[in-house]
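Coordinate inspection notes
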Amino acid sequence: MAKEILLTGDRPTGQLHLGHYVGSLKKRVELQDNPNYKLYVFIADMQALTDNARDPEKIRRNLIEVALDYLSVGIDPNKATIFIQSQIPELTELTTYYMNLVTLSRLHRIPTIKSEIIDRKFGESIPAGFLAYPVSQAADITAFNAKYVPGGEDQEPIIEVTREIVRAFNSIYGDILVEPKMILSENEVCRRLPGIDGNGKMSKSLGNAIYLADEPKVVQKKIMDMYTDPQHLRVEDPGHLEGNIPFIYLRAFCKPEHFAKYLPEYDSLEAMENHYQKGGLGDGKVKKFLNAILQEELEPIREKRHYYEAHIDEVYDILEKGSIEARKVAQETLKKVREVIGIEYFQDTTLRQMYHEKYKEVK
Ligand code: ATP
Ligand code: MG
């Protein structure tokens, strides 16, 4: 049976953080081991340039940081193909054809784009490439015939545009592109992990993240500074869970065995939450518990990262090999696309044939 294709990427605008980890990276590692799937993972450097064109050095430096993050969480280059978007020029050509199948007003209406335009303070000066990045994302996905895209909630409206492009393309030119579906985390909190300040989602561009590469002290400090419940002044005061960042993170990371190990007075998160709501459980204790859990989760990732940092040539080799392999697949798709659009002029003999026939008749 042919394997189902999974594809997903990240923008090299910074190191990867806990939001990426729970929203997408964990799922990738799990699925790469499933023999029914083939995983492609790519670093979307061209997409990152759409809002960072004036700071290419940031993208260049973070590209390798993201690759280190991939390898350190366990994405395995022997199972998955890891590649760099800009090394596959076929993607750009596909983007050009897809650009004709979507309107500017549709792109403006994408909720994720709308909020990113505000976050990035573009005002009226939106780079055309930025507005069109969902189209380039459609090219990334379809070039590899990806059926599934594991990602966070913010990707859903963008994947919807890919589906619209695919449907338009297939109905006009012939049924050759695969319509993708998103794979969202089963845990709702993980689909859009909030930032440590409680304002919006954790994001590289907003400076509100715990990075996978953060040293233990930095992680601890970020946890201790986390936004909780401003009305919960004394330990005995009743606390609120809504918007309470340490509790939201506990919902994302805490497993039953963590209680026995670090906080045996509770047997579940619900019991802990109830106590907090009633009063009598201090924020410091909650944060300490979260710190123990996150340090345990991040330690092996950090260690693996140190290995790859010390063997950086291996990382560049993995990226180069992956990009060569991925390019071959994209070339095949592009060839089919050009054929069905009818622009493979020198291989397509049907029109010439018509002239040959006509000329024969005249003779
Ligand atoms: P940027 O600020 O540059 O857009 P980002 O932090 O949003 O960076 P992306 O590279 O845009 O990260 O996202 C890569 C993948 O990680 C996407 O699938 C996205 O949905 C997912 N993701 C990003 N942030 C979160 C989050 N806070 N919670 C869950 N998933 C997330
Ligand atoms: Mg993003």
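Residues numbered from 1 in each chain as written. Chains lettered and ligands numbered in written order. Predicted model: local features only at pLDDT ≥ 70, side-chain atom pairs only at ≥ 80, totals over all residues. Heavy atoms only, no water.

**A few points about the packing of aromatic side chains**
Enumeration according to the criterion identifies 12 aromatic pairs in this entry. An angle of 15° between the planes, with centres 5.3 Å apart, marks the rings of F42 and F83 as stacked. A residue pair is termed long-range when its members are at least 10 positions apart, and F42 in strand β2 (residues 37–43) and F83 in strand β3 (residues 81–84) qualify at 41 residues. Side by side, F42 and F83 carry an identical accessibility label, which is buried. On the basis of an interplanar angle of 40° and a centroid distance of 5.0 Å, the ring pair of F259 and F289 is categorised as tilted. Within this pair, whereas F259 is found in helix α12 (residues 256–262), its partner F289 is found in helix α14 (residues 283–310), the two being separated by 30 residues in sequence. Each member of the pair, F259 as well as F289, is classed as buried. Stacked on the ring of Y40, the Lys or Arg K38 has its end atom at 5.2 Å from the ring centre. (Phe/Tyr/Trp six-rings, centres within 6.5 Å; stacked < 30°, edge-to-face > 60°. Helix = DSSP H or I, 4+ residues; strand = E, 2+ residues; numbered from the N terminus. Buried < 20%, exposed > 50% of the residue type's maximum accessible area, 1.4 Å probe, protein only. Lys NZ or Arg CZ within 6 Å of the ring centre and 35° of its normal.)

**A closer look at the environment of P35**
Following the sequence through the fold, P35 ends up in the loop between α1 (18–32) and β2. Judged by its relative accessible area of 60%, P35 falls in the exposed class. Put simply, P35 and E4 are 31 residues apart on the chain and 9.4 Å apart in space, counted from C-alpha to C-alpha.

**Observations regarding helix α4 (residues 89–99)**
Taken residue by residue, α4 has E90, L91, L94, T95, Y97 and Y98 as its buried positions. Relative to the axis of α4, the buried residues are bounded by an arc of 165° and lie together on one face. In this structure, the buried residues of α4 make contact with α8 (133–143), α9 (156–173) and α15 (312–341). (Arc of directions from axis to C-beta. Contact = heavy atoms within 4.5 Å.)

**Points about the state of the cysteines**
In total, this model carries 0 disulfides according to the counting rule given. Of the cysteine sulfurs around C190, a residue in no disulfide, the closest is that of C254, at 12 Å. According to the relative accessible area criterion, C254 is buried, its value standing at 18%. (Disulfide = S-S within 2.5 Å.)

**Remarks on the layout of surface pockets**
Looking at the largest pocket, its volume works out to about 910 Å³. Tallied by class, the residues present in the lining of the largest pocket amount to 15 nonpolar, 18 polar and 12 charged. Quantified by volume, the second largest pocket comes out at close to 290 Å³. Counting only elements with at least two residues in the lining of the second largest pocket, the list comes to α1 and α11 (245–253). Examining the composition of the lining of the second largest pocket, we find that 6 residues originate from one element, α1, more than from any other. Counted by class, the lining of the second largest pocket contains 8 nonpolar, 5 polar and 5 charged residues. Per-domain counts for the lining of the second largest pocket show at least three residues from each of domain 1 (4–193 + 312–351) and domain 2 (216–308). (1 Å grid on protein atoms, 1.4 Å probe; cavity = no way out; pocket = protein on both sides within 12 Å on 5 of 7 lines; lining within 4 Å. Points joined across faces, edges and corners; volume = space filled by probe spheres on them. Nonpolar A, V, L, I, M, F, W, Y, C, P; charged D, E, K, R; others polar. Domains from an automatic or database assignment.)

**Observations regarding the site of ligand 1**
Residues in close proximity to ligand 1 total 22 residues, the closest being T13, D154, K201, S203 and S205. In this structure, H17 approaches ligand 1 through a side-chain N or O atom, which is 2.9 Å from an oxygen atom. Between ligand 1 and the protein, one listed contact pairs an oxygen atom with a side-chain N or O atom of S203 at 2.7 Å. One can see that ligand 1 is located within the largest pocket. Broken down by secondary-structure element, the contributors of at least two residues to the shell around ligand 1 are β1 (4–10) and α1. The dominant element in the shell around ligand 1, judged by the number of residues it contributes, is α1, at 3 residues. (Near = heavy atom within 4 Å. Polar contact = N/O pair within 3.5 Å; in protein donor to acceptor, adjacent residues only side chain to side chain. Sits in = over half its atoms within 2 Å of the grid points.)

**Focus: the pairing of β3**
Of the two faces of β3, the one holding T81 and F83 and the one holding I82 and I84 are both buried throughout. Of the pairings in the sheet, the one linking β2 to β3 comprises 4 bridges and is parallel in character. Each residue of the ladder has a partner; that of Y40, found in β3, is T81. (Pairing = 2+ DSSP bridges.)

**Some thoughts on the pattern of salt bridges**
Applying the stated criterion across every chain yields a total of 31 salt bridges. A salt bridge links E357 to K360; the shortest N-O distance between them is 3.8 Å. Of the two residues, E357 and K360 are both situated in helix α16 (residues 350–362); the distance of 3 residues between them amounts to about one turn of the helix. Connected via shared salt-bridge partners are E65, D69, R305 and E309. (Salt bridge = Lys/Arg side-chain N within 4 Å of Asp/Glu carboxyl O.)

**Observations concerning the domain arrangement of the chain**
Once the domains are mapped, the chain shows domain 1 (4–193 + 312–351) and domain 2 (216–308). Between the C-alpha centres of domain 1 and domain 2 the distance comes to 34 Å. Across the contact, 19 residues belong to domain 1 and 13 residues belong to domain 2. Interface area for domain 1 against domain 2, summed over the two sides, is near 1,500 Å², with a carbon-plus-sulfur share of 63%. Interface area lost by domain 1 to domain 2 is led by L18, S72 and V189, which between them contribute 34%. Our count for the domain 1 to domain 2 interface comes out at 3 salt bridges. (Buried area = accessible area lost by both parts, 1.4 Å probe.)

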